[in-house]
Amino acid sequence: MKKTIVYLTAAFIALGFIGFGAFKVSDKQGDAESSKSAQVSDEKAMKESTQKMEGLEFAQSVPKNASENALWAMMHKMTHQKVVASEKWGLIRMNDESIAKAEEILLASDFNSKEDLLQIIERWKNGQFDQVDDEHNFIWGMQGGSIGEARGILTEEQEKEFIENNFTSE
């Protein structure tokens, strides 16, 4: 009887190891398929992120006494030049002029988000765009965004292509 219990216990342990191994193998295959799907999706988003867009606006068109919502919209549209996102609605050229305009509006305001936005503007003034995807998502979130979350930052070459497609005359 003891031998039977030992054999059964050993068999259950062996089956457990086999089952665990099969689970790990199928999990790795699922990860590979998921990774491949994410890579294709990211490539598509990357390609779409540099295409010509509709809704070009200019920083000069934003009034000095703009509302907080209008400033969020302005800064959000500025980030589109630098981020990877599946959807981008509207754009304003991210340059010294538009950054200065956003800062001017902020400094004259008493907006609830003033301090957070001033930190973002300060980074942009210093040419620091390594967080621009997170900054896009912060502003986008304040606007109640649900489609078009930034999923990365365009390379210099991709940004150049975006600028050529959207800010140069044809």
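Residues numbered from 1 in each chain as written. Predicted model: local features only at pLDDT ≥ 70, side-chain atom pairs only at ≥ 80, totals over all residues. Heavy atoms only, no water.

## Focus: the environment of Ala150
Along the chain, the position of Ala150 falls in strand β4 (residues 150-153). Looking at Ala150, the relative accessible area reads 7%, which means it is buried. Residues Ala150 and Thr79, 71 residues apart in the sequence, show an inter-C-alpha distance of 9.4 Å. Aside from chain neighbours lying at most four places away, what touches Ala150 is Val83, Val84, Ala85, Asp133, His136 and Asn137. (Helix = DSSP H or I, 4+ residues; strand = E, 2+ residues; numbered from the N terminus. Buried < 20%, exposed > 50% of the residue type's maximum accessible area, 1.4 Å probe, protein only. Contact = heavy atoms within 4.5 Å.)

## Quick look at the layout of surface pockets
When its volume is computed, the second largest pocket comes out at roughly 190 Å³. Along its surface, the second largest pocket is lined by 14 residues, and His76, Trp89, Trp140, Gln143 and Ile147 are the ones closest to its centre. Counting only elements with at least two residues in the lining of the second largest pocket, the list comes to α2 (68-79) and α5 (132-142). If you tally residues by element for the lining of the second largest pocket, the top one is α2, at 3 residues. A class-by-class count of the residues in the lining of the second largest pocket yields 4 nonpolar, 7 polar and 3 charged. (1 Å grid on protein atoms, 1.4 Å probe; cavity = no way out; pocket = protein on both sides within 12 Å on 5 of 7 lines; lining within 4 Å. Points joined across faces, edges and corners; volume = space filled by probe spheres on them. Nonpolar A, V, L, I, M, F, W, Y, C, P; charged D, E, K, R; others polar.)

## What to know about the nonpolar core
Within soluble globular proteins, side chains that are nonpolar generally end up buried alongside one another. The biggest cluster of nonpolar side chains holds 25 residues, and the ones touching the most others in it are Leu71, Met74, Met75, Leu117 and Trp124. Elements that contribute at least two residues to this core include exactly α2, α3 (96-107), α4 (114-125) and α5. Val84, Leu154, Ile163 and Phe167 belong to the second largest nonpolar core, which has 6 residues in total. (Core = buried A, V, L, I, M, F, W, Y, C linked by side-chain atoms within 4.5 Å.)

## Digging into α3
Between its first and last C-alpha atoms α3 spans 16 Å; for 12 residues at 1.5 Å apiece the expected length is 16 Å, and the two agree. For α3, the full list of buried residues reads Ser98, Ile99, Lys101, Ala102, Glu103, Ile105 and Leu106. In this fold, the buried residues of α3 make contact with α2, β3 (91-92) and α4. (Expected span 1.5 Å × (residues − 1).)

## Comments concerning the packing of α2 against α4
Two numbers describe how α2 lies on α4: the axes approach to 13 Å, and their chain directions differ by 35°. In this structure, the crossing between α2 and α4 has a hand that is left-handed. Contacts from Leu71, Trp72, Met75, Met78 and Thr79 in α2 reach Leu117, Ile120, Ile121 and Trp124 in α4. Its residues assigned to classes, the contact of α2 with α4 comprises 8 nonpolar, 1 polar and no charged. (Axes fitted to C-alpha atoms, helices over the stretch in contact; angles between N-to-C directions. Left-handed = near helix turned anticlockwise from the far one by under 90°.)

## Details of the environment of Thr168
By secondary structure assignment, the location of Thr168 is in the segment after α6 (156-167). Engagement of the side chain of Thr168 in a polar contact is seen with the backbone oxygen of Glu164, the distance being 2.5 Å. (Polar contact = N/O pair within 3.5 Å; in protein donor to acceptor, adjacent residues only side chain to side chain.)

## Describing the confidence of the model for the protein
In the predicted model, the protein carries a mean pLDDT of 80, and the fraction of residues at 70 or more is 69%. Mean pLDDT across the secondary structure elements of the protein bottoms out at helix α1 (residues 2-49), with 56, and peaks at α4, with 97. Across residues 32-41 the pLDDT falls below 50, and counting only partners more than four positions away or on other chains, this stretch makes 1 contact in the model. (pLDDT = per-residue confidence, 0-100.)

## Points about the environment of Thr50
Among the secondary structure elements, Thr50 is positioned in the loop between α1 and β1 (56-57). Contacts of Thr50, omitting those with residues within four sequence positions, involve Leu154, Gln158, Glu161, Phe162, Asn165 and Asn166.

## Observations concerning the packing of aromatic side chains
The tally for this structure, following the rule as stated, stands at 1 aromatic pair. Look at Phe162 and Phe167: their rings are 6.0 Å apart centre to centre, the planes differ by 65°, and that puts the pair in the edge-to-face class. Here the two residues Phe162 and Phe167 agree in accessibility, since each one is buried. The aromatic ring of Phe129 is capped on one face by Lys82, whose charged end is 4.0 Å from the ring centroid. (Phe/Tyr/Trp six-rings, centres within 6.5 Å; stacked < 30°, edge-to-face > 60°. Lys NZ or Arg CZ within 6 Å of the ring centre and 35° of its normal.)

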